Structure formats: structure tokens, C-alpha cells
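The lines below spell out each chain.
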Amino acid sequence: LQLAWQRAMFRDYPAVMGGARPLADDRERMTSFESYTRGELETYSPRTLGLLRRDLLAMHARGESLSEEIYGHLVRALGYASLEDAEQKLKTRMGPLS
């Protein structure tokens, strides 16, 4: 679920995600989202993993995305009104892709 949500963020908000960790390809100076998440999950106890799984499945059932939730808070903390606002303003700042 976490990888699928992150993939959707790259699809729906490419400008916002421009500086994010790559999804699955580890690079010389950047650990991928998949590797980073796997490493983090390996530090959790079985009980915590079970509770996290329950919460993520509940979010999914409600049609929510943990990635959208996290990045939504982040862009609002940076002064944008929403993910959509941040995407539009960052696209405008970056100009057309060549």
C-alpha cells in the first residue's frame, strides 16, 4: 500500500515530488522509498507492525492515502493551501519541461 500510494503521488503531483526519494531504484546518494520504508518497518515490533497494518488497511478502505496525508501536511507547513496549490505553483516556477 505504501509503495502504491507513493507511486500515485509521483503520478498526480510530479512537481511536488520532484525532490522526493526515487520509488524503488537505490542511487549512489539517495536510498529509494522502498528500501527506506522496508528498513524502517524492520525496526518495528510484531505488535506495532500489526497495528500499522490495521491502520493502513483502514485508510485504504476509506479511500485515503498515507502519502497524500503526509505531503499535504508538509506543503501546508511550507505555506501552500493544498497539494493542488503547491503543484500548480511549483509547475509555474519550474516552467515548461523541455
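Above this text is the structure in question.
Residues numbered from 1 in each chain as written. Predicted model: local features only at pLDDT ≥ 70, side-chain atom pairs only at ≥ 80, totals over all residues. Heavy atoms only, no water.

(A) Local environment of the overall build of the chain. Scanning the chain for helices and strands turns up 5 helices and 0 strands. In terms of its C-alpha atoms, the chain occupies a principal-axis envelope of roughly 45 × 35 × 20 Å. Going through the 98 residues of the chain one by one, you find that 27% of them count as buried. Taking the intrachain contacts of the chain between residues at least 6 apart in sequence as the baseline, contacts between residues at least 24 apart amount to 49%. As displayed, the chain has an accessible area near 7,000 Å², and 54% of this comes from carbon and sulfur atoms. The positive charge centre, built from 14 side chains, and the negative charge centre, built from 14, are 1 Å apart in the chain. (Helix = DSSP H or I, 4+ residues; strand = E, 2+ residues; numbered from the N terminus. Buried < 20%, exposed > 50% of the residue type's maximum accessible area, 1.4 Å probe, protein only. Contact = heavy atoms within 4.5 Å. Areas by Shrake-Rupley, 256 points an atom, 1.4 Å probe, with all protein chains shown as cover. Lys, Arg positive; Asp, Glu negative; His and termini not counted. Charge placed at Lys NZ, Arg CZ, Asp CG, Glu CD.)

(B) The arrangement of the packing of helix 1 (residues 2-12) against helix 2 (residues 33-41) in detail. The interhelical angle for the contact between helix 1 and helix 2, taken along N-to-C directions, is 150°, at an axis separation of 11 Å. Like other packed secondary-structure pairs, helix 1 and helix 2 cross with a definite hand, here right-handed. Of the residues in helix 2, those in contact with Gln2, Leu3 and Gln6 of helix 1 are Phe33, Glu34, Thr37 and Leu41. Looking at the contact of helix 1 with helix 2, its residues break down into 3 nonpolar, 3 polar and 1 charged. (Axes fitted to C-alpha atoms, helices over the stretch in contact; angles between N-to-C directions. Left-handed = near helix turned anticlockwise from the far one by under 90°. Nonpolar A, V, L, I, M, F, W, Y, C, P; charged D, E, K, R; others polar.)

(C) Summary view of helix 5 (residues 83-94). For helix 5, which comprises 12 residues, the first-to-last C-alpha distance of 16 Å matches the rise-based estimate of 16 Å (1.5 Å per residue) to within 8%. Within helix 5, the full set of buried residues consists of Leu83, Asp85, Ala86, Glu87 and Leu90. For helix 5, the elements touching its buried residues are helix 1 and helix 4 (66-77). (Expected span 1.5 Å × (residues − 1).)

(D) Local environment of the side chain of Ser67. Along the polypeptide, Ser67 turns up in helix 4. By relative accessible area, which is 5% here, Ser67 ends up buried. When residues no more than four places from it in sequence are discounted, the contact partners of Ser67 are Gln2, Trp5, Gln6 and Met9.

(E) Examining the pattern of salt bridges more closely. Under the counting rule described, the total for this entry stands at 6 salt bridges. One salt bridge connects Glu34 with Arg38, and the closest N-O pair in it is separated by 3.1 Å. Remark: Arg38 and Glu34 occur in helix 2; sequence separation between them is 4 residues, near one turn of the helix. Among the residues examined, Glu34 registers a relative accessible area of 29% and is labelled partly exposed. (Salt bridge = Lys/Arg side-chain N within 4 Å of Asp/Glu carboxyl O.)

(F) Looking closely at the nonpolar core. Membership of the largest hydrophobic core is limited to 12 residues, which are Met9, Tyr13, Ala15, Val16, Met17, Ala20, Tyr71, Val75, Tyr80, Leu83, Ala86 and Leu90. Looking at this core element by element, the count peaks at 3 residues for helix 5. Setting aside chain neighbours within four positions, we find Met9 in contact with Pro14, Met17, Ser67, Glu68, Tyr71 and Leu83. (Core = buried A, V, L, I, M, F, W, Y, C linked by side-chain atoms within 4.5 Å.)

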